[in-house]
Amino acid sequence: MKKTKSTLFVLFLLLALSVQAGVVDTIKVYSASMKKDVQVVVVTPEKNEKPHPVVYLLHGYGGNAKSWLFIRPDLPQMADLYGIMFVCPDGNYNSWYWDSPKDTSSRYETFVSNELIKYVDSHYPTVKDRKGRAISGLSMGGHGAMWLSMRHKDVFGAAGSTSGGLDIRPFPNNWDMAEKLGAESANRDIWETHTAINQIDRLRGGDLALIIDCGYDDFFFEVNNDFHKKLLKYKIGHDFIVRPGGHTNEYWNNSIGYQILFFKDYFEKNAKR
């Protein structure tokens, strides 16, 4: 029987409707360290009987817990396809995922690396081990993912950054960082110790599976290239990807797909050990 264009369209539509998608929960997680509820988006595979590995995704400056669903609306389908959970916390618009030495109400390092992990592991069927956890993010969130993973290697086994602000020092007047660290001119030691690039000396080869990317036209390209060179200097294995593109949703939409495949491979290799 010859298939007409309308028949093919109906078949395609039926196929699209049959594709399963994960479940999206928008929840509040209480932070004892900050004494407040924090909004978190959790995406779980539809078939949720067995423990799943988890990728924590951090948003950029000015974003929120729903930013990654806006950038990649197909995260629920990816969760179901790969059997991976995605957890997207609100990191406030300018926390940079530090425990701020100037603002005691901003303790997002403690929240993400400790309080959130404990909540997710106690309320969802997760792989409760660093070998089943990865963290990544864009821009401010890329910095956060590197910052948190290098300081909490016991929590995360893999980490990524896309268009990350991996060295904050060239940008002392940008993105309200001075609200959390104080003015750079008067707090240089704090700025030195709170930039992700200066955490690399915590690593030894094999500590973390790392993937980093940045577009050639991104204003963070040079600091990403410097981060890559320092990892090479310390003989830290990593994937470093550069491609055309700027600091845009279109770039991050493409980038995070590759990173999720990188994490999937990491999880599968560790599941066999």
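Residues numbered from 1 in each chain as written. Predicted model: local features only at pLDDT ≥ 70, side-chain atom pairs only at ≥ 80, totals over all residues. Heavy atoms only, no water.

1. A look at the overall build of the protein
Next, step 1: The number of helices and strands found in the protein is 9 helices and 8 strands.
Next, step 2: Relative to the 2.2 N^0.38 estimate, which gives 19 Å for 273 residues, the radius of gyration of the protein is 19 Å and therefore close to what a compact globule would have.
Next, step 3: On the principal axes, the C-alpha backbone points of the protein span a range of 75 × 40 × 40 Å.
Next, step 4: Counting only residues that meet the buried cut, the protein has 53% of its 273 residues in that class.
Next, step 5: Intrachain contacts of the protein at a sequence separation of at least 6 include 74% that bridge at least 24 residues.
Next, step 6: Here the protein displays about 12,700 Å² of accessible surface, and carbon together with sulfur accounts for 53% of that area.
Next, step 7: Computing the positive centroid from 33 side-chain charges and the negative centroid from 31, the protein places the two 5 Å apart. (Helix = DSSP H or I, 4+ residues; strand = E, 2+ residues; numbered from the N terminus. Rg over C-alpha atoms; globule rule 2.2 N^0.38 Å. Buried < 20%, exposed > 50% of the residue type's maximum accessible area, 1.4 Å probe, protein only. Contact = heavy atoms within 4.5 Å. Areas by Shrake-Rupley, 256 points an atom, 1.4 Å probe, with all protein chains shown as cover. Lys, Arg positive; Asp, Glu negative; His and termini not counted. Charge placed at Lys NZ, Arg CZ, Asp CG, Glu CD.)

2. Observations concerning the sheet that holds strand β7 (residues 209-215)
Next, step 1: Here 8 strands make up an open sheet; going across it, the order is β1-β2-β4-β3-β5-β6-β7-β8 and the pairing mixed. Among the strands making up the open sheet, the edge pair consists of β1 (23-31) and β8 (239-243). In this sheet, neighbouring strand axes are inclined to one another by 20° on average, regardless of whether the strands run parallel or antiparallel.
Next, step 2: Along the sheet, helix α4 (residues 108-123) contacts β1, β2 (36-44), β3 (54-58), β4 (85-89) and β5 (133-137); its crossing angle with β1, the most-contacted strand, is approximately 120°. (Pairing = 2+ DSSP bridges. Axes fitted to C-alpha atoms, helices over the stretch in contact; angles between N-to-C directions.)

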